[in-house]
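Coordinate analysis (summary)
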Amino acid sequence: MIIREALVDEAEPIWRLHARSVRGLCQKAYTPQQIEAWINGKNVDDYRERIRNHPSFVAEQDGRLVG
């Protein structure tokens, strides 16, 4: 696994990965409504802006984003 700086073109897969993670990891601590509100509070453009303006990193394993 490698940790590297995120690329703006990866905003959509990062958003999808984050949404899957929140749905999977938070289901015991939050209601489905809370989880969906959390996920729906961000969109791909928010991730693009974040990557452009702040140091952002991803974990990659075997050529796939995993974190």
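Above this note sits the structure.
Read on for a plain summary of the structure. Computed from a predicted model, the values in this text were never measured in an experiment. (Residues numbered from 1 in each chain as written. Predicted model: local features only at pLDDT ≥ 70, side-chain atom pairs only at ≥ 80, totals over all residues. Heavy atoms only, no water.)

A closer look at the packing of helix 1 (residues 11–25) against helix 3 (residues 44–53)
The axes of two packed helices give the description: the angle between them and the distance between them. Convention followed: Fitted lines through C-alpha atoms serve as axes, helices being fitted only where they are in contact, and the angles separating the N-to-C directions of these axes extend from 0 to 180 degrees. Helix numbering and strand numbering both begin at the N terminus, where a helix is a DSSP run of H or I of at least 4 residues and a strand a DSSP run of E of at least 2. In a left-handed crossing the near helix is turned counterclockwise from the far helix by less than a right angle, and in a right-handed crossing that turn is clockwise. Note on definitions: a residue-residue contact is assigned when non-hydrogen atoms from the two residues lie within 4.5 Å. In this count, Pro and Cys sit with the nonpolar residues alongside Ala, Val, Leu, Ile, Met, Phe, Trp and Tyr, while Asp, Glu, Lys and Arg are called charged and the others, Gly among them, polar.
Two elements in contact, helix 1 and helix 3, have axes separated by 8 Å at closest approach and are oriented at 115 degrees. Viewed along their axes, helix 1 and helix 3 form a crossing whose handedness is right-handed. Note on element contacts: helix 3 touches helix 1 through Val-44, Tyr-47, Arg-48 and Ile-51, opposite Ala-11, Glu-12, Ile-14, Trp-15 and His-18. In terms of residue class, the contact of helix 1 with helix 3 is made up of six nonpolar, one polar and two charged.

A look at the packing of aromatic side chains
Heads up, the condition is: In this scheme Phe, Tyr and Trp rings, the latter by its six-membered ring, pair at centre separations within 6.5 Å, and the angle between planes marks the pair as stacked below 30 degrees, edge-to-face above 60, and tilted otherwise. Between buried and exposed lies partly exposed: a residue is buried under 20% and exposed over 50% of the maximum accessible area for its type, with that area taken using a 1.4 Å probe on protein chains only.
In the structure shown here, the tally under the stated rule is one aromatic pair. A ring pair is formed by Tyr-30 and Trp-38, whose centres lie 5.9 Å apart and whose planes are at 70 degrees; its orientation type is edge-to-face. By relative accessible area, which is 40% here, Tyr-30 ends up partly exposed.

A look at a nonpolar patch on the surface
Operational definition: The patches reported here contain residues having more than 30% relative accessible area and no salt bridge. Joining distances are 9 Å for like charges and 5 Å for nonpolar side chains (Val, Leu, Ile, Met, Phe, Trp, Tyr). Residue exposure ignores everything except the shown protein chains as possible cover, and the areas themselves are Shrake-Rupley values with a 1.4 Å probe. One side-chain nitrogen of Lys or Arg within 4 Å of one carboxyl oxygen of Asp or Glu is enough to make a salt bridge.
Together, Met-1, Ile-3 and Phe-57 make up a nonpolar patch on the protein surface, roughly 400 Å² of accessible area in all. With respect to the element layout, Met-1 can be found in the segment before strand 1 (2–5). Take Met-1: its relative accessible area is 66%, and that puts it in the exposed class.

Re the packing of helix 1 against helix 2 (residues 32–40)
Definition in use: Note that the term roughly parallel is reserved for angles under 35 degrees, roughly antiparallel for angles over 145, roughly perpendicular for angles of 65 to 115, and oblique for everything else.
Contact geometry of helix 1 with helix 2 gives a least axis separation of 10 Å together with a crossing angle of 165 degrees. Put simply, helix 1 runs roughly antiparallel to helix 2. The handedness of the crossing between helix 1 and helix 2 is right-handed. Contacts from Trp-15, Ala-19, Val-22 and Arg-23 in helix 1 reach Ile-35, Glu-36, Trp-38 and Ile-39 in helix 2. The residue makeup of the contact of helix 1 with helix 2, split by class, is six nonpolar, no polar and two charged.

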